[in-house]
Amino acid sequence: MAGTSSLASAVGTALAVPFSWLARIIDVPLRAWQRLTGYNGMAVFFLAPNMLIFGIFVLFPLVINFAYSMTGGGALFLSDRTYVGAEQYQRLFDCSNYLDPRSCTEDMFWTAVRNTTIFVVLQVALMIGVALITALVLNRDLRARSFWRAVFFFPVLLSPVVVGLIWRWILQRQGLLNYMIFELGFDPVNWLVERNWAFAAAIGVSVWAHVGFYALILLAGLQAIPKDLYEAAEMDGTRPARVFWRITLPLLAPNLLVVLVLTLIRSVQIFDEVYVLTGGGPGTSTLFLTQYIYEIGFASLLRNPGLAAAASILMGTVLVVLTLLQLGLARRNETKDKR
Amino acid sequence: MSRAFEFLLRRRGGTGLHWTDVFTYFWLVGGFVLMLGPALWLVNSSFKTPAALAEFPPSILPYVTAETVVQGYDKPLPLYRVTDKETGEERVLAEVRRIGIMGQMVDPKNPGEIVKVNIQDRTPVRSVSFDTENYTKPFTAFDFPLYLRNSVFVTVVATLITLLTNSMAAFALSKYNFTGRSAVMFLIVATLMVPLSVILVPLYSVISAMGLFNSLWGVILPTVATPTGVFMLRQYMLTIPDELLDAARMDKASEWQIYWRIVLPLTAPALAVLAIFSVVWRWNDFLWPLIVLSRKEVYTLQVGLATYAGELNVQWHFILAMTVVTMIPVVLVFVFLQRFITTGIAGSGLK
């Protein structure tokens, strides 16, 4: 251990040499600047790079997104586009029956909305259930707990493309899963070609990829519950089920709420792993909102940036509501901790 | 084996097996298989030849059918073990061609005479062999090295810029009292709500207007000013005592020197966590690079891999191997730096 860390520090020092020279050179004009503006002028200097990038690539696009959603045509730059008012929104909402996407002008949008809604409900429920059980299991008196924790956490770091390809390989017609099913005496299923199975696969794979992350947050919450509460319950001979409902669950509630909101926010935006796994198919059975925006705005032949912007603003509104919920919950937890 | 599980699952002071113990055991072993199994299966499959990949049922180990060059035939011929029905003698023959259910075979040592064998009576001579061609070929025949280079460039440059700009901003927001500080903080909080997927269209036009379409800088720049990074570093810098900075000012240190020589080294643990996250984020990025990059020369690994896998006539043997290569950096990060990541997440809920 000592060997690796001294090696790491040696490498670090070697890498830092050019940077420290650079830092020294930068210092000369900066001293002059400081003499002119004082300490607080330096604050502007330190903020500038981050805020400049932030302003150009986040704030400015955010503002002109509204303008985009009110223009029509296929032109890319705002100056070339024609103002159409709320036409894009009207088009998105032009439906005789909101539950039947086929009755809408933008049937793809409503298919995506319906798919995303069903996906969010099922995926969040499954995610929280599995994460909670995993956290409870990991919180027990285990040998090698960090090893088991790592096992469940492993897929979290994998890229969505890798996740999608791993499962495409396993779920393909002649894949490992079908082989195991065949060995058990059942008929193989064409997982990614049958609509409902493809949808189930999208849910299962996204849970597989992210459940370790939420289990980790819940585990941290479980470990923060004071041990003496459990000792007291044991003294009183309380049954384990009662301990769970009366001690564990109420004290874990704040963490569970945070996990709920986080899963909701990410679930609404689901895209990459499903896109690689199924490509939104078969048909449109795994087409979700982000993919719809991507297809309409960039990929399809009849590109319609205005429509994509309008759809993204609708999705953004849902996300803002969810995030406000999360921030509110975080604040409530903080004040509770302080008391 | 059972002793190993006993070791892993033993409870302190516990005697006897409660149903929750059985369930724990079930969940851990099931989780082990389900979480690691798919990735291991991918790695295992990546060493198989296309013929072995097409087999059903799939074999566990990567087998290769042995072949030999026989005089008088251009191509190497596959070898089969044939048992003679009358004598019970076992011979190794090479198959020249197959007609219906009969295989025409020759003895490699005596290529003149052709023997007809029912295909039921022959088994291929197979040996375990790792097909490394799946790995070497994409490096020479495809743009794979180019994708790899692009991905490394994006990851390294974006992480360096992220660390520098985020730490400077965090320094200003934690160590200075200036008018508008809370407004800046509010702006950063507000944009936590705006994920990239909401501003795709306008961001694309900004990138195009700057001439960064199909440029790796177009991938790097929009992602570097992460609000989470500024937040995390600011929280950490708030714990550095201001007296330290005042002492340095007494000694005529400039503000830049204070940032570079005092605050930055003291923030190293938080910077390390942000660096790890940034590397994983940028390496794994998909949606934004997919939009900005449309020419093969500038594809990152993730885009190149997904595009390649989406083409017709999927060549799985190459895709599997390339997926493994794409996985390697992240697995290394996981193995060596897992502790930083798990504490980082448990502490801040950031991902």
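Each value, and the rule that gives it
- Every chain is numbered on its own, with residues counted from 1 as its sequence reads.
- Written order decides the labels, with chains lettered from A and ligands numbered from 1.
- Local features in this predicted model are restricted to residues whose pLDDT is 70 or higher, and side-chain atom pairs enter the listing and the counts only when it is 80 or higher, whereas totals over whole chains, interfaces and linings include all residues.
- Side-chain calculation: all heavy atoms of the structure are included, whereas hydrogens and water are not.
- Any two residues whose heavy atoms approach within 4.5 Å at even a single point are treated as in contact.
- What gets called buried area is simply the loss in accessible area from a 1.4 Å probe that two parts show on being joined, summed for both.
- Salt bridges, as used here, are contacts in which a Lys or Arg side-chain nitrogen is within 4 Å of a carboxyl oxygen on Asp or Glu.
- In the analysis that follows, any N or O atom pair within 3.5 Å is treated as a polar contact, provided that within protein one partner can donate a hydrogen and the other can accept it, and provided that, for residues neighboring in sequence, both atoms belong to side chains.
- Only runs of H or I of at least four residues qualify as helices and only runs of E of at least two qualify as strands under DSSP, and these elements are numbered from the N terminus.
- Side-chain classes are defined by residue name, with Ala, Val, Leu, Ile, Met, Phe, Trp, Tyr, Cys and Pro counting as nonpolar, Asp, Glu, Lys and Arg as charged, and the others, Gly among them, as polar.
- When DSSP finds at least two bridges between two strands, those strands are taken to pair.
- For this text, the term disulfide refers to a pair of cysteine sulfurs within 2.5 Å.
- The predictor attaches a confidence to each residue, and that confidence, scored 0 to 100, is pLDDT.
- Each residue is assigned to one of three classes by its accessible area relative to the maximum for its type, calculated with a 1.4 Å probe on protein chains only: buried under 20%, partly exposed between the two thresholds, exposed over 50%.
- Each patch is built from residues lacking any salt bridge and having more than 30% relative accessible area; the joining distance is 9 Å for like charges and 5 Å for nonpolar side chains (Val, Leu, Ile, Met, Phe, Trp, Tyr).
- We get accessible surface area from the Shrake-Rupley algorithm with a probe of 1.4 Å; when it comes to residues, only the shown protein chains can shield them.
- Each aromatic pair joins two rings of Phe, Tyr and Trp (for Trp, the six-membered one) with centres within 6.5 Å, and gets the label stacked for planes under 30 degrees apart, edge-to-face for over 60, and tilted for any other angle.
- Only when the NZ atom of a Lys or the CZ atom of an Arg is both within 6 Å of the ring centre and within 35 degrees of the ring normal do we say a charge sits over the ring.
- Expected span of a helix, by definition, is 1.5 Å for each gap between consecutive residues, and there is one gap fewer than residues.
- Each residue is assigned a bend, namely the angle between axes fitted to the seven residues that terminate at it and the seven residues that start at it.
- For each structure, a 1 Å grid was placed over the protein atoms alone; sets of points admitting a 1.4 Å probe that cannot get out are labelled cavities, open sets with protein on both sides within 12 Å along at least five of seven lines are labelled pockets, and lining residues have an atom within 4 Å of a point.
- Grid points are joined across faces, edges and corners, and a volume is the space filled by probe spheres set on the points.

Chemist: What exactly am I supposed to notice about the interface of chain A and chain B here?
Modeler: Quoted interface sizes are often the accessible area lost when the parts come together. Contact with chain A, which involves 101 residues of that partner, is made by 102 residues of chain B. Buried area between chain A and chain B, both sides added, is near 9500 Å², and the carbon and sulfur share of it is 77%. Between chain A and chain B we count one salt bridge in total. One salt bridge connects Asp21(B) with Arg140(A), and the closest N-O pair in it is separated by 3.1 Å. The interface formed by chain A and chain B includes 18 residue pairs in polar contact (both at pLDDT 80 or more). Broken down by element, the residue count for the side of chain A that touches chain B peaks at 30 residues, all from helix α1 (residues 2-68) of chain A. When the residues that make up the side of chain A that touches chain B are grouped by side-chain class, the tally is 74 nonpolar, 17 polar and ten charged.

Chemist: Any chance you could explain the pairing of strand β4 (residues 90-99) of chain B here in plain terms?
Modeler: Two faces, one strand: in a regular strand the side chains alternate between the faces of the sheet. Residue and element names in this part refer to chain B. Where strand β3 (residues 77-83) meets β4, five bridges bridge the pair, whose relative direction is antiparallel. Opposite Val82, over in β4, you have Arg91 as the bridge partner. Alignment of β4 against strand β5 (residues 102-107), held across five bridges, turns out to be antiparallel. From the neighbouring strand, Arg98 faces β5, where its bridge partner is Gly103. The antiparallel pairing of β4 with β5 creates a hairpin that spans two residues between the two strands, and Gly100 there sits at a positive phi of about 60°.

Chemist: Sorry if this is basic, but what is going on with the state of the cysteines here?
Modeler: By definition, a disulfide links the sulfur atoms of two cysteine residues through a covalent bond. Residue and element names in this part refer to chain A. Throughout the structure, instances matching the rule amount to one disulfide over all chains. Each sulfur of the disulfide joining Cys95 and Cys104 lies 1.6 Å from the other. On the sign convention where negative is left-handed, the bridge of Cys95 and Cys104, at about 75° about the S-S bond, is right-handed.

Chemist: How should the confidence of the model for chain B be read in this particular structure?
Modeler: Close inspection of predicted coordinates is inappropriate for parts of the model with low pLDDT. In the predicted model, chain B carries a mean pLDDT of 83, and the fraction of residues at 70 or more is 92%. Both scores are given for the predicted complex: the pTM is 0.83, the ipTM 0.85.

Chemist: Sorry if this is basic, but what is going on with the pairing of β5(B) here?
Modeler: Residues and elements named next belong to chain B. The element β5 is extensively covered by neighbouring structure, given that five of its six residues are classed as buried. Pairing geometry for β5 and strand β6 (residues 110-118), over six bridges, is antiparallel. Within β6, the position partnered with Met105 by the bridge is Val115. Connecting β5 to the antiparallel partner β6 that follows it, the hairpin turn spans two residues.

Chemist: Teacher, can you tell me more about a nonpolar patch on the surface here?
Modeler: Among the surface-exposed residues, Phe19(A), Leu22(A), Ile26(A), Val152(B), Val156(B) and Leu160(B) lie close enough to one another that they form a single nonpolar patch of about 500 Å² accessible area. Mapped by element, the contributors of at least two residues to the nonpolar patch are α1 of chain A together with α5 (144-175) of chain B. Positionally, Val152(B) belongs in helix α5. On the basis of relative accessible area, Val152(B) is assigned to the partly exposed category, the value being 41%.

Chemist: When you look at the packing of aromatic side chains in this model, what are you seeing that I'm missing?
Modeler: To describe a pair of aromatic rings, you give the distance between the ring centres and the angle between the ring planes. This structure, assessed with the given rule, holds 41 aromatic pairs over all chains. Here Phe119(A) and Phe199(A) contribute two aromatic rings whose centre-to-centre distance is 6.4 Å and whose plane-to-plane angle is 85°, an arrangement assigned as edge-to-face. Placement of Phe119(A) in helix α3 (residues 107-138) and of Phe199(A) in helix α7 (residues 195-223) is noted, with a sequence separation of 80 residues between them. Among the residues examined, Phe119(A) registers a relative accessible area of 0% and is labelled buried. Relative accessible area serves as the criterion here: at 12%, Phe199(A) is assigned to the buried category. With 5.3 Å between their ring centres and 45° between their planes, Trp256(B) and Tyr259(B) make a pair best called tilted. Within this pair, Trp256(B) and its partner Tyr259(B) are both found in helix α11 (residues 255-266), separated by three residues, close to a single helical turn. Classification of Tyr259(B) as buried rests on a relative accessible area of 0%. The rings of Phe45(A), Phe46(A), Phe171(B), Tyr176(B), Trp256(B), Tyr259(B) and Trp260(B) are connected pair by pair, giving a single aromatic cluster. A cation sits over an aromatic face here: Arg24(A) above Trp21(A), 5.4 Å from the ring centre.

Chemist: Hey, could you run me through α7(A) in this one?
Modeler: It helps to recall that an α-helix has 3.6 residues per turn; residues three or four apart then point in one direction. All names here are of chain A. Taking 1.5 Å per residue, 29 residues should reach 42 Å; α7 reaches 41 Å between its end C-alpha atoms and fits that length. Roughly 45° is the biggest bend found in α7, and it falls at His210. Counting buried positions along α7 gives 22 out of 29 residues, so the element sits mostly inside the fold.

Chemist: Looking at this model, I keep getting lost on empty space enclosed by the protein. Mind explaining?
Modeler: Vacant regions in the atomic arrangement are exposed by a probe of water-molecule size rolled over the atoms. Within this structure, the stated rule accounts for two cavities of 30 Å³ or more. Considering the residues around the largest cavity, the lining is formed by Trp169(A), Gln172(A), Gln174(A), Gly175(A), Leu176(A), Trp41(B), Ser45(B), Lys48(B), Ala52(B), Leu53(B), Glu55(B) and Pro58(B). Tallied by class, the residues present in the lining of the largest cavity amount to six nonpolar, four polar and two charged. Here the second largest cavity defines a volume of roughly 40 Å³.

Chemist: Mind showing me how you'd approach the environment of Ser174(B) here?
Modeler: All names here are of chain B. By the secondary structure assignment, Ser174 is in helix α5. On the accessibility criterion, Ser174 (9% relative accessible area) is buried. Those residues in contact with Ser174 that sit more than four places away from it in its chain are Arg181, Arg234, Met237 and Leu238.

Chemist: Help me out: how do you make sense of the side chain of Ser45(B) in this one?
Modeler: For Ser45(B), the position within the fold is in helix α2 (residues 19-45). Overall, the relative accessible area of 0% leaves Ser45(B) in the buried class. Setting aside residues no more than four positions away along its own chain, Ser45(B) makes contact with Trp169(A), Leu53(B) and Leu320(B).

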